[in-house]
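Reading the structure
Given next are the chains, with one letter for each unit.
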Amino acid sequence: AGMEWTTMNVLVSGGAGYVGSHAARMLSRAGHEVWVYDNLVFGHRGAVAPGRLIEGDLLDVDRVAGVLAEKRIDAVMHFAAFAYVGESVTDPAKYYRNNIVGTLSLMDAMRRQDVRRFVFSSTCATYGEPRSVPIDESQPQAPINPYGYTKLVIERALSDYAKAYGWGYAALRYFNAAGASEDGDLGEDHDPETHLIPLVLQVAQGRREHVTIFGDDFPTPDGTCVRDYIHVDDLASAHISALEKLGPGVEFRCNLGTGRGTSVKEVVEACREVTGRPIPTVVAPRRAGDPPALVADSSLARRELGWTPRYTSIVPIVRSAWKWHESHPDG
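Below is a short write-up of the structure. Being a predicted model, the structure only gives us computed values, none of them experimental.

The next thing to look at is the overall build of the protein chain. Along the protein chain, the regular secondary structure elements total 10 helices and 14 strands. The C-alpha radius of gyration computed for the protein chain amounts to 19 Å, which stays within 12% of the reference 20 Å derived for 331 residues, consistent with globular compactness. On the principal axes, the C-alpha backbone points of the protein chain span a range of 55 × 45 × 40 Å. Taking all 331 residues of the protein chain together, the buried fraction comes to 55%. Within the protein chain, contacts between residues at least 6 apart in sequence are counted, and of these 78% link residues at least 24 apart. In the structure as shown, the protein chain presents an accessible area of about 14100 Å², 49% of it carried by carbon and sulfur atoms. One finds the centroid of the 34 positive side-chain charges in the protein chain at a distance of 2 Å from the centroid of its 42 negative side-chain charges.

Shown next as structure tokens:
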């Protein structure tokens, strides 16, 4: 009958951040024992359950190994990374050190304590410019920025570790994470904020003058960029499904998206509908490296992980985000 389901002790690195905090909470609700390891550079103490935060740096191998031993960790869920694409181009050293060296350092600590289950936040940025849309996992991975490359390096390392050391891992390639917890008490709070939905909602709140649309001449139905927005709780549930299916040598490499593309203009329209407020837009030139459309084919995740996203259209996703932004105007 396969593996008996057991409670695991899980270390969530970057668990004070946006996706990590939602996953940590869902893990503990699913009955697992959860510890969050975060340096709070981008994470928020308030996003972690009381008594569950261990402050520290991933580059400190001894510290991480000590935590793995002391908490008798069975599996690591790894969210800690820098994720600003533009910044990765202007400051690649920061990205190589944090996303590659930091992650390999975490993996060293795991080898030291013989922890072999790893769930990794990867990204559709590992594909680079897509050959065709929707993107499935057979497409070549050819990142066009340092951020995407740092994630691809770790995917390769994990595959090598699975073969050499008997690790089981999942590399989950997120499309655009969006939305906030249904409870309305966990949501998105980045500084600087670069994600579209929070930026548009800040305009609705009167905190910004307008939304800037970068390019309205793309080869898409309305000329603006099309992206696949996946609700943060749906991302979290995929991580838990993956974790519970990992065994020695098991390799999952899956896209996580809804399979449905939404344009920038459609996002703005959804925000107007949800908030009932006028949201002025200004068109600016395209940004370098913005592909016209990124949409996931995530049928592999549905098949292999038995995962189905609950949010499949933009309005409910925006509604969850608005509930959070309205009740937490300062994050």
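Further remarks concern the packing of aromatic side chains. Applying the stated criterion across every chain yields a total of 8 aromatic pairs. An angle of 85 degrees between the planes, with centres 5.8 Å apart, marks the rings of Phe 42 and Phe 82 as edge-to-face. Taken as a pair, Phe 42 in the loop between β2 (33-38) and β3 (53-55) and Phe 82 in the loop between β4 (75-78) and α3 (85-90) lie far apart in primary sequence, 40 residues in all. Assessed through its relative accessible area of 31%, Phe 42 is described here as partly exposed. Plain terms: the ring middles of Tyr 161 and Trp 167 are 5.0 Å apart, the flat faces sit at 80 degrees to each other, and that makes the pair edge-to-face. You can call Trp 167 buried: its relative accessible area is 2%. Here a set of aromatic residues connected by ring pairs shows up, and it is made of Phe 118, Phe 120, Tyr 161, Tyr 165 and Trp 167. Over the face of the ring belonging to Trp 35 we find Arg 52, whose NZ or CZ atom lies 4.2 Å from the ring centre. Over the ring of Trp 35 we find Lys 71; its NZ or CZ atom is 3.8 Å from the centre of that ring.

Moving on: the sheet that holds strand β9 (residues 226-227). Read from one edge to the other, the open sheet built from 3 strands follows the order β12-β9-β14, with strand pairing classed as mixed. With one partner strand each, in any of the chains shown, β12 (262-263) and β14 (293-294) form the two edges of the open sheet.

Extensive coverage of strand β6 (residues 168-174) is indicated by the burial of 7 of its 7 residues. Burial along β6 is two-sided: the face carrying Gly 168, Ala 170, Leu 172 and Tyr 174 and the face carrying Tyr 169, Ala 171 and Arg 173 are both buried. One ladder, built from 7 bridges, connects strand β5 (residues 117-123) with β6; its direction is parallel. By the bridge assignment for β6, Phe 118 is matched with Tyr 169. Running through helix α5 (residues 146-165), the crossover from β5 to the neighbouring parallel element β6 is right-handed.

Criteria and cut-off values
Residues numbered from 1 in each chain as written. Predicted model: local features only at pLDDT ≥ 70, side-chain atom pairs only at ≥ 80, totals over all residues. Heavy atoms only, no water. Helix = DSSP H or I, 4+ residues; strand = E, 2+ residues; numbered from the N terminus. Rg over C-alpha atoms; globule rule 2.2 N^0.38 Å. Buried < 20%, exposed > 50% of the residue type's maximum accessible area, 1.4 Å probe, protein only. Contact = heavy atoms within 4.5 Å. Areas by Shrake-Rupley, 256 points an atom, 1.4 Å probe, with all protein chains shown as cover. Lys, Arg positive; Asp, Glu negative; His and termini not counted. Charge placed at Lys NZ, Arg CZ, Asp CG, Glu CD. Phe/Tyr/Trp six-rings, centres within 6.5 Å; stacked < 30°, edge-to-face > 60°. Lys NZ or Arg CZ within 6 Å of the ring centre and 35° of its normal. Pairing = 2+ DSSP bridges. Right-handed = clockwise from strand over helix to strand, strands pointing away.

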